[in-house]
Amino acid sequence: MAAALALSLVFAFVPRVHANTDDFGSVVKMIEQFYHVKHQGIPLLARAGMKTATTIARIKGGTAKRIAEAGSIKLAIFEDQEFNSTGRFGKFRSAVNAALDETWMPFVQTLSAKDEVQTYIFLRNAGEKFDVLVITIERREATVVQVTLSPKNLALLMQDPNGMGRAVTEDATTTDPE
Amino acid sequence: MKSLSKRKSRLPLVALLLIFAATLTAKAQGARIQLSNLDHLAARASETVDVNIDERLVQIAWRALSSNDVDEAKVKKIVSGLKGIYVKSFEFENPGEFTPADVELVRSQLRGPAWSRLVNVTSKKDGSVEVYMMLVGDQISGLAVLSVEDKELTVVNIIGPVDLEKLSKLEGQFGVPELGIESKPKTKN
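Fair warning: this is a prediction, and the values are worked out from it, not measured in the lab. (Residues numbered from 1 in each chain as written. Chains lettered and ligands numbered in written order. Predicted model: local features only at pLDDT ≥ 70, side-chain atom pairs only at ≥ 80, totals over all residues. Heavy atoms only, no water.)

### Some details on the confidence of the model for chain B
Residues and elements named next belong to chain B.
Now for step 1: Residues of chain B with pLDDT of at least 70 account for 81%, and the chain-wide mean is 85.
Now for step 2: Averaged over each element, pLDDT in chain B is lowest for helix α1 (residues 2-28) (55) and highest for strand β7 (residues 152-159) (97).
Now for step 3: Note that residues 22-26 has pLDDT below 50 and, in this model, one contact with residues that lie over four places away or in other chains.
Now for step 4: Per the prediction output, this complex has pTM 0.79; the corresponding ipTM is 0.78. (pLDDT = per-residue confidence, 0-100. Helix = DSSP H or I, 4+ residues; strand = E, 2+ residues; numbered from the N terminus. Contact = heavy atoms within 4.5 Å.)

### Observations regarding the packing of helix α2 (residues 55-64) of chain B against helix α3 (residues 70-79) of chain B
All names here are of chain B.
Now for step 1: Put simply, α2 and α3 touch, their axes get as near as 9 Å, and they point 145° apart. Classified by chirality, the crossing of α3 by α2 is left-handed. Within the contact between the two elements, α2 uses V58, W62, R63 and A64 and α3 uses E72, K76 and V79.
Now for step 2: The residue inventory of the contact of α2 with α3, partitioned by class, reads four nonpolar, no polar and three charged. (Axes fitted to C-alpha atoms, helices over the stretch in contact; angles between N-to-C directions. Left-handed = near helix turned anticlockwise from the far one by under 90°. Nonpolar A, V, L, I, M, F, W, Y, C, P; charged D, E, K, R; others polar.)

### Examining the pairing of strand β6 (residues 142-149) of chain A
Residues and elements named next belong to chain A.
Now for step 1: Taking burial as the measure, the eight residues of β6 include eight buried ones, the bulk of the element.
Now for step 2: Here β6 shows no split at all, with A142, V144, Q146 and T148 on one side and T143, V145, V147 and L149 on the other all buried.
Now for step 3: Two elements, strand β2 (residues 74-78) and β6, share five bridges in a ladder whose sense is antiparallel. By the bridge assignment for β6, F78 is matched with A142.
Now for step 4: Bridge count between strand β5 (residues 129-137) and β6: eight bridges; the pairing is antiparallel. When the bridges of β6 are listed, I135 appears paired with V144.
Now for step 5: With antiparallel pairing between neighbouring strands as the criterion, β5 and β6 make up a hairpin whose turn holds four residues. (Buried < 20%, exposed > 50% of the residue type's maximum accessible area, 1.4 Å probe, protein only. Pairing = 2+ DSSP bridges.)

In structure tokens, the structure reads:
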């Protein structure tokens, strides 16, 4: 009896195994099905254009340096399509949460009903680094961005949770001026 | 054979230790209030913010921030020992879009014996701001702020050793909104 109890307690404390599923793809597919839209994947632009470093620089008040791990960026853009969210925010929120496995921690969810803008940020352990998934849905466009950040950069961005999604998305969708 | 029986005899001890660890964790989480019961307000709200920073994330911030950088060291000190920061905020277009019953969903959780409302607290904000503290022995194990305005409802729940000074330093960071909380000077009887 004691052995069974000990065993069950041990299993209760064992961290769950990281599910090796393409959650980024699942989220993009879910958005397509939910809103009946199609995404445009821009991997090259994403690789060349990630500038989250500028965000960190703004927070720190220093010079820009890149922070996103090279090749870690996944980006899907939905442009000039109809995202009718009226009365469906709750349903969409549930669908987003259902599309991701439990290794993702919901960090920030913001919703502006008037402007029909929804932002969802999830975090996940990626070894010693962290995956950050940002989903932004607006009236006529949406973006899904996944980046890998070092703990230091995550900690700096975490200080402004409301600005984090916007900053990561803006930087991921902007090409370097150099 | 002997080692097997030894191992068997240790199992109840392991079980006890695990139960003890689970109890400690549960105690630390005791200051966590249930905020998901306000989720229905999101359908009526014009703006909704939901921030969840659990112990793992607090630890990441604490470990990652440098003690040698002046700004980072300040933040590191603020989050030191915290076990979670949870914020739920709703803004509405018109007054009356949330009811006293909605507020009661939060307030009722703060009537437990472990929670005390701080009476010497005011806010620069309009409306009412109630600050509650959970004490376990003489240790603060959490804090909750309930801010109610005509068109705004905000709940902040911080788990861990946090006093008003730390709360004021957290305002504007980690999703904690500007609450304008001030301690009233204590009056002599």
